[in-house]
Structures are given as structure tokens and as C-alpha cells.
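A look at the structure
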Amino acid sequence: MITIALSKGRIFEETLPLLQAAGITVLDDPETSRKLILDTNQPGVRVLVVRATDVPTYVQFGGADMGITGKDTLLEHASDWGGGSAGLFQPLDLQIAKCRISVAVRADFDYAHAVRQGARLRVATKYVAIARDFFASKGVHVDLIKLYGSMELAPLVGLADAIVDLVSTGNTLRANNLIEVERIMDISSRLIVNQAALKLKREPIRHIISAFSDALAQPAPPLP
Ligand code: AMP
């Protein structure tokens with residue numbers, strides 16, 4: 001049995017064509033079904049529906065053989081586990097759920113001036129590790145405030161000077177009178193594979209990886 005961990009929403013939708021390319025059709029719709037384990041047309045393949053931030057955990061500790069997760073989530077996960085994702089193999093950038101992670105402030109906040117002055121900034125984010133590394137590399141002192149959602153609200157009510165969040169079209173920032181002042185990095189979703197599963201179930205996993213790479217017109221990655 002091959003178990004694939006996916007999160008609902010954008011990653012799930014954008015993964016379906018890749019699974020199709022590997023001959024895998026998911027038989028339930030996670031938006032309407034309450035099932036957390038979804039059958040596929042292949043008796044030997046099943047899909048787990050988990051929270052996006054839990055995908056690396058399921059794969060690292062063998063609850064799933066493979067999964068698909070954003071680079072943002074992977075970096076935060078690695079930081080939670082002491083800077084490493086031991087046991088996780090990352091063979092492919094799937095080029096899906098693309099966006100960027102950026103710093104944004106209220107349109108009336110002079111970010112460049114605050115940075116030049118060496119001001120200590122209050123930054124609200126769900127991405128504490130990425131934000132910490134970014135501001136440390138710039139030599140900017142920050143107090144990080146961890147939030148779990150609706151980050152855009154924080155500068156509007158005086159909770160923070162800035163936010164670090166995912167930006168795709170920029171519509172959410174504009175709708176809340178915020179402006180993007182730094183692009184930290186581009187984000188896309190990655191295929192991750194449990195290293196032990198790769199040894200024990202090499203053929204079916206290799207088949208899925210090479211079907212994904214064919215569908216993406218990428219060379220098949222070397223397997224450890
Ligand atoms: P947008 O308005 O298109 O710039 O999208 C920004 C909102 O969507 C923010 O609340 C982000 O947290 C969220 N978002 C954008 N892209 C992604 C992504 N690839 N994965 C998860 N959330 C995203």
C-alpha cells in the first residue's frame with residue numbers, strides 16, 4: 001500500500017492532474033466527503049487528507065509514504081525539528097501552488113526609513129522561522145508575534161508594524177490597504193517522500209515519481 005498525504009484546497013486540486021498522469025484517480029472529493037482516508041482507482045494507493053502544516057510530519061514519521069507540501073511549510077517544519085528534516089527525501093519541485101513570501105506594511109508606514117533608523121520592528125506571522133532568518137540576514141531587529149491566520153489584520157489594529165505572509169495576486173494586501181515592501185522568496189509545492197518507504201516500496205514510489213516528472217517535463221531525479 002502507498003499512502004499519500006495531501007491537504008485540501010489548492011494543493012489537492014493542483015495535484016489531481018499529476019496523480020492522473022501516474023494513473024491514479026481519487027474516488028472521493030475531500031470538499032464534500034468527511035472521510036480522511038480516500039480510496040483511489042488503484043487498490044494499492046490511498047490518500048490521507050491532513051492539514052497543510054501536518055503533511056511533513058506524517059511523511060517524516062511514516063504515517064504516509066509521500067506527500068505534497070509548500071516550501072514555506074517545509075522550512076517551518078525543518079526549523080521545528082532543529083533545522084533538519086531527517087528522513088525526508090525531496091525529489092521534485094512540482095511548480096504548483098506558486099506564490100511568494102513577502103514582508104508587507106500599512107501603506108502609511110515608512111518601512112525603509114524604519115529599517116535605516118535601526119528601529120525594532122514588531123512583525124506578525126505564521127512563518128516565524130522564515131521571518132527570523134530573513135530579518136537576521138538583513139541585520140534588522142524584530143519582535144516576532146506568532147499568528148495562525150488573518151495576518152493582514154495585525155498592522156491595521158496596531159498589533160504589528162509589518163507582516164510576513166504568502167502573496168499570490170496581491171489582492172488581499174490591496175484590499176486591506178497594505179503594501180509589499182520585500183519579497184523574501186518564491187514558494188511552490190514539493191513532493192516529499194519518506195526515506196525508509198523509498199527503500200521498502202521502491203518500485204511503486206519510483207513509478208509515481210517518474211510519472212510526475214514526465215508530466216512536468218522534468219528529468220527524473222536520481223533516487224538515493
Ligand atoms: P492573494 O490575495 O492572491 O495575494 O493571496 C493571498 C492570500 O492567500 C493570503 O492570505 C495567503 O496566505 C493565501 N495564499 C496565497 N497563495 C497561497 C498558497 N500558495 N498557499 C497557501 N495560501 C496561499
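Cut-offs and rules
Residues numbered from 1 in each chain as written. Predicted model: local features only at pLDDT ≥ 70, side-chain atom pairs only at ≥ 80, totals over all residues. Heavy atoms only, no water. Helix = DSSP H or I, 4+ residues; strand = E, 2+ residues; numbered from the N terminus. Buried < 20%, exposed > 50% of the residue type's maximum accessible area, 1.4 Å probe, protein only. Contact = heavy atoms within 4.5 Å. Areas by Shrake-Rupley, 256 points an atom, 1.4 Å probe, with all protein chains shown as cover. Lys, Arg positive; Asp, Glu negative; His and termini not counted. Charge placed at Lys NZ, Arg CZ, Asp CG, Glu CD. Phe/Tyr/Trp six-rings, centres within 6.5 Å; stacked < 30°, edge-to-face > 60°.

1. A look at the overall build of the protein chain
Looking only at helices and strands, the protein chain features nine helices and 11 strands. Along the three orthogonal principal directions, the C-alpha set of the protein chain runs to about 60 × 35 × 30 Å. The proportion of buried residues among the 224 residues of the protein chain is 46%. When contacts within the protein chain are restricted to residue pairs at least 6 apart in sequence, those whose partners lie at least 24 apart make up 66%. Carbon and sulfur atoms provide 51% of the accessible area of the protein chain, an area that totals close to 11,100 Å². Here the protein chain contributes 24 positive and 24 negative side-chain charges, whose respective centroids are spaced 2 Å apart.

2. Let's talk about the packing of aromatic side chains
The full count for this structure, using the stated rule, is two aromatic pairs. Centre to centre, the rings of Phe-134 and Phe-135 are 5.2 Å apart; their planes meet at 70 degrees, and the pair counts as edge-to-face. Like Phe-135, Phe-134 is buried.

3. Things to note about helix H3 (residues 71-80)
Looking at H3, one finds that the buried residues are Asp-72, Thr-73, Leu-74, Glu-76, His-77 and Ala-78. Taken from the residues just after H3, Gly-82 is the one with a positive phi, measuring 75 degrees.

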